[in-house]
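Architecture at a glance
Each chain, written out:
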Amino acid sequence: MARMGMVFDLKACIGCNACVVACKQENSLPDGVFFTKTLSEEYGVFPLAKRVYIPTICNHCEDAPCEKVCPSGATHTREDGIVMVDDDKCIGCNSCAVACPYDQRTQMDAEKFLKGLYGTGEITPFEEQGYGRYTPGTVTKCDFCSQRVDVGLDPACVVTCPTNARIFGDLDDPQSAPSKMIRERHGRQPLPEKNTKPKVYYVN
Amino acid sequence: MSIENKVFSGDTLKVGYRFQRHWDNSMAYAFFCAELGAGLYFVSMLLGSMIGMIAGLVVVSTGKPYFHLAHMGVPGKSWRAMLRPDRSWISRGLWALAGMVAFSVLYLLCLAFGEQFGIRPDSALLWVLQILSGAFTLAVMVYQGFAMSHSSAIAIWSSAIMPMASLLYSLVVGVAVVRVLLPAPQAAALTGSLELLLLGLAVMHLMLLHSGWHGSPGARTSIELLLQTLYAKWFWGAVVAAGIVLPALLLWFAPSSAAVTVIVAVGILAGFMAWRILIFKIGVYEPIMSMNPFRSANT
Ligand code: SF4
Ligand code: SF4
């Protein structure tokens, strides 16, 4: 069985946030909700100042603490390693949110859906068709665009990235693009000391 | 590296520490009610105080569910939280709570009306009910600490001190409040136990400060938040002064009176409430990673 994962190439990321917009569009995310974020870090002083961009996403941890603490069974891992939240089962207790070391969980407060993308209370037809997939009050996160993966497509952020900074594929296949990249460029996982075994890697 | 130089990213898109904000004050109140109610019930049961047992049971069975439901995103489905006792401390805690309420109600009913139905005070049934309600109550007193310590995300919570704190605070508030409800001679007899428990509380806080300060960057940051920011006045003023030092001084030096007993209990309750809120507020997520070659482990 496959073990889907992602690699972020920090040398390639230019912080354009195209992935963030693609994710919000694909998943119809209301105002203030992000399943992926591009963080930035600045260091050094002029003329040697530097800024790097660090994309973040749910790491689909193999030993996912969010799944272990979920009291309702809403959080579960698919056979291909994608960590999912079953909207019908989630009670919105936020236990997963405090258990995720990467702060990758967001509660879909009812007011987020009422405000609308422009904060005026007007819900556009685009929002209307997308919001139906969420139950207000539940806690959500990135699911690697599982609806796309199921039909053989890459996640929306991956296909949108103009610099190929996001590489998606089967980590169990030694010939897959992410596996090769992790091997050749010494991929490292975020916060490995938390023992969550993330399936997202960073290369520099 | 002091707290002023640390990067707190908040809602910004910077690499840095992020505050725990998912468990808010209503969760803190729910935790408070559970530990207060269970502690009061447990101590009252050991001392045979019917009024204390009823008060504890009422606090647990009303305050705790009320504040939990207020926090829950989908309260209508909250029964689902009982489905995974095999892995989740929240589930286990709910089973413990259900067991505590069920067996305690039965125990109290048998105590109050049992003789009318032939249940004598020394009957095996009463003894079994007391053991069961006591065991489930003990579980309620500690499980919230385990729910916090179980995950490594919030470093300051990820420690065996959390369940210890839950148990200790439960016992301390239980004894402090039951002293208010008991007749003066019985209340006075508990002075020594309360002094010892307060000493235990002080040691527990010292252990937490010490282990956090010398622990991981996230734990250290939480302790810095507690001691060097606006939370410091609440920690020193409410948790330490009102919750431990003042009650201890009164217990040692003030002549015992109803007023002193009430002041001691109020001080301890205020300190406990402040502690429950603060421990949620100082929780932080560590920066996901840093590419900054000049950054030390503690920044
Ligand atoms: S990154 Fe967080 S939400 Fe995603 S699987 Fe890991 S623990 Fe769960
Ligand atoms: S908020 Fe939902 S997914 Fe998260 S732990 Fe609670 S029930 Fe599970």
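Residues numbered from 1 in each chain as written. Chains lettered and ligands numbered in written order. Predicted model: local features only at pLDDT ≥ 70, side-chain atom pairs only at ≥ 80, totals over all residues. Heavy atoms only, no water.

Tallying secondary structure elements over chain A gives eight helices and nine strands in all. The C-alpha radius of gyration computed for chain A amounts to 17 Å, which stays within 12% of the reference 17 Å derived for 204 residues, consistent with globular compactness. Here the C-alpha coordinates of chain A stretch approximately 45 × 45 × 30 Å along the principal axes. Partitioning the contacts of chain A with sequence separation of at least 6, the portion at a separation of at least 24 is 62%. (Helix = DSSP H or I, 4+ residues; strand = E, 2+ residues; numbered from the N terminus. Rg over C-alpha atoms; globule rule 2.2 N^0.38 Å. Contact = heavy atoms within 4.5 Å.)

Attention now goes to helix α8 (residues 217–228) of chain B. All names here are of chain B. In a regular helix each residue adds 1.5 Å, so twelve residues correspond to 16 Å; α8 covers 16 Å between its end C-alpha atoms and thus fits that length. With nine of twelve residues buried, α8 is to be regarded as a mostly interior element. Where α8 is buried, its residues touch β1 (18–19), α7 (191–213), α9 (231–253), α10 (258–281) and β2 (284–285). (Expected span 1.5 Å × (residues − 1). Buried < 20%, exposed > 50% of the residue type's maximum accessible area, 1.4 Å probe, protein only.)

What follows deals with the domain arrangement of chain B. Residues and elements named next belong to chain B. Each assigned domain of chain B is listed with its residue range as follows: domain 1 (1–20 + 156–167 + 181–299) and domain 2 (22–150). Taken over C-alpha atoms, the centre of domain 1 sits 25 Å from the centre of domain 2. With 21 residues of domain 1 at the interface, the matching set in domain 2 holds 24 residues. In this assembly, domain 1 packs against domain 2 so that about 2,000 Å² is buried in total across both faces, 75% of it on carbon and sulfur atoms. Of all residues in domain 1, L181, R276 and F280 give up the largest surface area on contact with domain 2, accounting jointly for 26% of the area buried on that side. Connecting domain 1 to domain 2 are one salt bridge. With a shortest N-O distance of 3.1 Å, R276 and E35 are connected by a salt bridge. Where domain 1 touches domain 2, the interface holds five residue pairs in polar contact (both at pLDDT 80 or more). Listing elements by their share of the side of domain 1 that touches domain 2, those giving two or more residues are α5 (161–181) and α10. For the side of domain 1 that touches domain 2, the element with the highest residue contribution is α10, accounting for eight residues. (Domains from an automatic or database assignment. Buried area = accessible area lost by both parts, 1.4 Å probe. Salt bridge = Lys/Arg side-chain N within 4 Å of Asp/Glu carboxyl O. Polar contact = N/O pair within 3.5 Å; in protein donor to acceptor, adjacent residues only side chain to side chain.)

A separate point is the interface of chain A and chain B. Taken together, the contacts link 48 residues of chain A with 41 residues of chain B. For the chain A and chain B pair, buried surface summed over both sides reaches about 3,700 Å², with 56% attributable to carbon and sulfur atoms. Taken as a group, I91, V98 and D103 of chain A account for 17% of the area that chain A buries against chain B, more than any other trio of residues on that side. If you look at where chain A meets chain B, you find five salt bridges. K14 of chain B is paired through a salt bridge with E42 of chain A; the nearest N and O atoms lie 3.6 Å apart. Run the count over chain A and chain B and you get 19 residue pairs in polar contact (both at pLDDT 80 or more). Among the secondary structure elements, those contributing two or more residues to the side of chain A that touches chain B are β2 (36–43), β3 (50–57), α2 (65–69) and α3 (95–99) of chain A. Per-element accounting of the side of chain A that touches chain B gives the leading share, seven residues, to β2 of chain A.

Moving on to the sheet that holds strand β1 (residues 4–9) of chain A. All names here are of chain A. With respect to topology, three strands assemble into an open sheet ordered β8-β1-β9, the strand pairing being mixed. Every other strand in the sheet has two partners, leaving β8 (166–170) and β9 (200–203) as the edge strands with one partner each. Adjacent strand axes in the sheet meet at a mean angle of 25°, parallel and antiparallel pairs treated alike. Inspection of the sheet shows β1 paired to β8 by five bridges, in the antiparallel sense. Of the residues in β8, the one forming a bridge with M6 is F168. Contacting β1, β8 and β9, helix α8 (residues 177–184) runs over the sheet at an angle of about 110° to β8. (Pairing = 2+ DSSP bridges. Axes fitted to C-alpha atoms, helices over the stretch in contact; angles between N-to-C directions.)

Let's shift gears to the pattern of salt bridges. In a structure, side chains of opposite charge can pair up when their charged atoms sit close to one another. Tallying each qualifying case throughout the model produces 19 salt bridges over all chains. R87 of chain B serves as the salt-bridge partner of E67 of chain A, at 3.8 Å between the closest nitrogen and oxygen. With one member in each of two chains, E67 of chain A in helix α2 and R87 of chain B in the loop between α2 (50–71) and α3 (89–113) form a pair that bridges those chains. By the burial criterion, E67 of chain A is buried, and R87 of chain B matches it. A salt bridge links R78 of chain A to D150 of chain A, with the shortest nitrogen-to-oxygen separation between them at 3.0 Å. Of this pair, R78 of chain A sits in the loop between β4 (75–77) and β5 (83–85) while D150 of chain A sits in the loop between α6 (146–149) and α7 (156–160), and the two are 72 residues apart along the sequence.

This next bit is on the environment of R188 of chain A. With respect to the helices, strands and loops of the structure, R188 of chain A is situated in the loop between α8 and β9. Between the C-alpha atoms of R188 of chain A and R166 of chain A, which are 22 residues apart in sequence, the distance is 14 Å. When near neighbours in sequence (up to four residues on either side) are disregarded, R188 of chain A contacts V200, Y201 and Y202 of chain A together with M289, S290 and M291 of chain B.

Take α3 of chain B next. Taking 1.5 Å per residue, 25 residues should reach 36 Å; α3 of chain B reaches 35 Å between its end C-alpha atoms and fits that length. Buried within α3 of chain B are the following residues: I90, S91, G93, A96, L97, G99, M100, S104, Y107, L108 and C110 of chain B. Looking at the buried positions of α3 of chain B, the neighbouring elements they touch are α3 of chain A together with α1 (25–47), α2 and α4 (124–149) of chain B. You can read the cap of α3 of chain B off the contacts: a side-chain oxygen lies 3.2 Å from the backbone nitrogen of I90 of chain B, and it is on S88 of chain B.

Before going further, it helps to examine the site of ligand 2. Around ligand 2, a shell composed of 15 residues is seen, among which C70, S72, C90, C93 and C96 of chain A lie nearest. When the residues that make up the shell around ligand 2 are grouped by side-chain class, the tally is nine nonpolar, five polar and one charged. (Near = heavy atom within 4 Å. Nonpolar A, V, L, I, M, F, W, Y, C, P; charged D, E, K, R; others polar.)

All right, on to the site of ligand 1 then. All residues adjacent to ligand 1 are C58, N59, H60, C61, A64, P65, C66, V83, C100, Y102, R105 and K141 of chain A. Within the shell around ligand 1, the residues separate by chemical class into eight nonpolar, two polar and two charged.

Here we take up the pairing of β2 of chain A. Residues and elements named next belong to chain A. Most of β2 sits out of view: six of its eight residues are buried. Of the pairings in the sheet, the one linking β2 to β3 comprises eight bridges and is antiparallel in character. Looking across to β3, one finds that L39 is bridged to I54. Two successive antiparallel strands, β2 and β3, enclose a turn made up of six residues, where G44 displays a positive phi of approximately 80°.

Averaged over chain B, the pLDDT score is 94; the fraction of residues at 70 or greater is 97%. Interface scoring of the predicted complex returns ipTM 0.93; its pTM is 0.94. (pLDDT = per-residue confidence, 0-100.)

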